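Coordinate inspection notes
Chain by chain, the residues:
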Amino acid sequence: MTPLVGEMSPAAAESVYFNEYPPPKALPKHEALARAFIELHVEANRRVVLVTSGGTTVPLEAQTVRFIDNFSAGTRGATSAEYFLEQGYAVIFLHRQYSLLPYSRHYSHSTNCFLDFMDEAPPSADSSNPGDGPIMVRDEYQDQMRSVLRKYRYAKQNNRLLLLPFTTVSEYMFELRSLAKLMRPLNENALFYLAAAVSDFFIPRSRMAEHKIQSSELPPHMQGSAVDPDEIYTGENEEQPSNRKKLVVNLDPVPKFLHQLVDGWAPEGSMVVSFKLETDPSLLVYKARTALQRYSHHLVIGNLLSTRKWEVVFITPDEPHERWIRVPKSRRSKSISGVEDQVGLAEAMKGKSPSVEQLEAEQAAEGQRDGIEIESLIIPELVKLHMKMVEKKKKKPAE
Ligand code: PMT
């Protein structure tokens, strides 16, 4: 029996996977843009981070009408990209199309609809259009919008931010592989920050239906022999039943490719940071640690779905191995989907109490009420780790 792609050696899985799918149409254009962007920053000896962001879709049909998706809005990635830019990094932002983007995220989607920030000013007498006043930003948002606009324009005018979209899981894979290889001239100045929620399951191209999966009657000329009413249509390339059926989707595991990223595609000396998302607090640290051991990279950032806006855990190969980063209580912004009561649960389940560092942070934040984003704490800590790696590499004589 042919092994599943997920069961093969990493190299075999890579060759099977990438031969099965056509590369995304936009890949040559993205590669050209990325090549020019990277060259510019290699010349400037600037650190460059590849931030992946948002979910991936898993098409059910080659001519895709339906697909499986996940919850990720790209908040982590888009927010982190802004803090990396603040730290002087150039950012390649590989994101799910239409997910949140750095800077514009403050004024997009239904939660921050840009129209709510605007108003019509009264018409001025000398205007050529006496009945209509200019469109303006409302008074209460002027300062915030000016600050976001300045940062956005700075990033754009100085070529610090490259936005590259993907939609499906296979597009993501092709883009990641190409970008990692293009980043090689950056050596230790390259950082990979893999915040995307990449699907773990997919339908291989060979088993995918070409056309829209039918849920009801087909015209007489397309109907085959009578279908047993108990027969279940699997969504694969088999004859489609004419009567209404369940749809049972049979998915294969997606190869992880983190091995290849760390050991092959990525530049020598670069830093690779992956994320681990769990919903069960008792599993988080274990799963994050296992991922670090399996792929031998540099950092796994663990987060729980319910508390991800307020706490994360850094799992590293070096001391202290496990370090929690939390937004102090008084500075947590509200989240509709989050469950604040669960903050601290994953750590407490391992019999640990909050660190001295955290208690100090709580004390320092007392009396401060403005909400802060957890990425404003994550990125500076991560940059310190990256800098340490860069310094170490520079001190080490060339091998
Ligand atoms: O977008 P938000 O709503 O803000 O949510 C952010 C987030 C919760 C999605 C993010 O913080 C996060 O945790 N992302 C990773 C989710 C996860 O658990 O991924 P994973 O276990 O499937 O993969 C582990 C790591 O490998 C991830 O860094 C992933 O980006 C990467 N990966 C996974 C599979 C694959 N084929 N290729 C990959 O690069």
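Residues numbered from 1 in each chain as written. Predicted model: local features only at pLDDT ≥ 70, side-chain atom pairs only at ≥ 80, totals over all residues. Heavy atoms only, no water.

1. Looking at the overall build of the protein
For the protein, the count of helices and strands is ten helices and 14 strands. A sequence separation of at least 24 residues applies to 72% of the contacts in the protein between residues at least 6 apart. Summing over all exposed atoms, the protein offers an accessible surface of approximately 21,700 Å²; the carbon and sulfur share of this is 53%. (Helix = DSSP H or I, 4+ residues; strand = E, 2+ residues; numbered from the N terminus. Contact = heavy atoms within 4.5 Å. Areas by Shrake-Rupley, 256 points an atom, 1.4 Å probe, with all protein chains shown as cover.)

2. Things to note about the nonpolar core
Grouped together as the largest cluster of nonpolar side chains are 51 residues, with contacts concentrated most on Ile92, Met183, Phe192 and Leu261. With 34 residues, the next largest nonpolar core counts Tyr89, Val91, Phe117 and Val273 among its residues. (Core = buried A, V, L, I, M, F, W, Y, C linked by side-chain atoms within 4.5 Å. Buried < 20%, exposed > 50% of the residue type's maximum accessible area, 1.4 Å probe, protein only.)

3. A word on the packing of aromatic side chains
Inspection of the entire model under this criterion finds 16 aromatic pairs. Arranged with centres 5.2 Å apart and planes meeting at 35°, the rings of Tyr17 and Tyr21 form a pair that is tilted. When its relative accessible area of 1% is taken as the criterion, Tyr17 is described as buried. By the ring-pair criterion, three or more aromatic residues cluster together here, those being Tyr17, Phe18, Tyr21, Phe174, Phe202, Phe257 and Trp265. When the ring centre of Phe18 is taken as origin, the NZ or CZ atom of Arg177, which lies over that ring, is 3.7 Å away. (Phe/Tyr/Trp six-rings, centres within 6.5 Å; stacked < 30°, edge-to-face > 60°. Lys NZ or Arg CZ within 6 Å of the ring centre and 35° of its normal.)

4. A look at unusual backbone geometry
In this chain, Glu319 is followed by Pro320 through a cis amide linkage whose omega measures 5°. Within the secondary structure layout, Pro320 lies in the loop between β13 (311–315) and β14 (322–326). The residue Tyr103 is not glycine, and still its phi comes out positive at about 70°. Structurally, Tyr103 is set in the loop between β4 (90–96) and β5 (118–120). By relative accessible area, Tyr103 is classed as buried at 5%. At Ser296, a position not held by glycine, the phi torsion is positive, near 50°. Relative to the assigned elements, Ser296 resides in the loop between α7 (284–295) and β12 (299–304).

5. A short note on a negative patch on the surface
Taken together, Asp119, Glu120, Asp132 and Asp139 make up a surface patch of like negative charges. Structurally, Glu120 is set in strand β5. (Patch = residues over 30% accessible without salt bridge, like charges linked within 9 Å, V, L, I, M, F, W, Y side chains within 5 Å. Salt bridge = Lys/Arg side-chain N within 4 Å of Asp/Glu carboxyl O. Lys, Arg positive; Asp, Glu negative; His and termini not counted. Charge placed at Lys NZ, Arg CZ, Asp CG, Glu CD.)

6. Remarks on the side chain of Ser270
Tracing the backbone through its elements, the reader meets Ser270 in the loop between α6 (258–265) and β11 (271–278). Taking relative accessible area as the criterion, Ser270 reaches 5% and is therefore assigned buried. Separated by 2.7 Å, the side chain of Ser270 and the backbone oxygen of Pro267 make a polar contact. Not counting the four nearest positions on each side in its chain, Ser270 is found in contact with Asn187, Glu188, Ala190, Phe192, His298 and Met389. (Polar contact = N/O pair within 3.5 Å; in protein donor to acceptor, adjacent residues only side chain to side chain.)

7. Things to note about the confidence of the model for the protein
Mean pLDDT over the protein works out to 89, with 89% of the residues at or above the 70 mark. Every residue in residues 225–232 scores below 50 in pLDDT, and together they form 13 contacts with partners more than four places removed in sequence or on other chains. (pLDDT = per-residue confidence, 0-100.)

8. Focus: the environment of Asn189
Tracing the backbone through its elements, the reader meets Asn189 in the loop between α5 (169–182) and β8 (190–194). For Asn189 and Pro267, which are 78 residues apart along the polypeptide, the C-alpha to C-alpha distance reads 9.0 Å. Ignoring anything within four residues of it in the chain, the contact list for Asn189 reads Asn45, Arg46, Arg47, Val48, His386 and Val390.

9. With respect to the sheet that holds strand β7 (residues 161–166)
Spatially, eight strands are ordered β7-β4-β1-β8-β11-β12-β13-β14 in an open sheet, and the strand pairing comes out mixed. Whereas interior strands pair on both sides, the edge strands pair on one side only; in this sheet they are β7 and β14. Each strand axis lies, on average, 20° off the axis of its neighbour in the sheet, ignoring direction. Sheet topology places β11 next to β12; six bridges connect them, and they run parallel. Note on β12: the bridge partner recorded for Phe275 is Ile301. Contacts from α7 reach β11, β12, β13 and β14 within the one sheet, and its direction differs from that of β12 by about 155°. (Pairing = 2+ DSSP bridges. Axes fitted to C-alpha atoms, helices over the stretch in contact; angles between N-to-C directions.)

10. Here we look at helix α1 (residues 10–20)
Looking at α1, one finds that the buried residues are Ala13, Glu14, Tyr17 and Phe18. Along the long axis of α1, the arc covered by the buried residues comes to 110°, so they all point the same way. Among the exposed residues of α1, those pointing more than 90 degrees away from its buried face are Ala11 and Asn19. Buried positions along α1 lie against α5, β9 (201–202) and α6. (Arc of directions from axis to C-beta.)

11. Side note on the site of the ligand
Around the ligand lies a shell of 25 residues, among which Ser72, Leu194, Ala196, Lys276 and Asn303 are the nearest. With respect to the ligand, the backbone of Arg76 contributes an N or O atom lying 2.8 Å from an oxygen atom. Counting residues per element, the shell around the ligand draws most heavily on β11, which supplies four residues. (Near = heavy atom within 4 Å.)

12. With respect to the pattern of salt bridges
One pass over the full model with this rule turns up 21 salt bridges. The partner of Arg177 in a salt bridge is Glu14, and the shortest N-O contact between them spans 3.1 Å. One end of the pair, Arg177, is in helix α5; the other, Glu14, is in helix α1, and 163 residues separate them in sequence. Judged by relative accessible area, which is 15%, Glu14 ranks as buried. One network of salt bridges, with partners in common, ties together Arg323, Glu357, Glu381 and Lys384.

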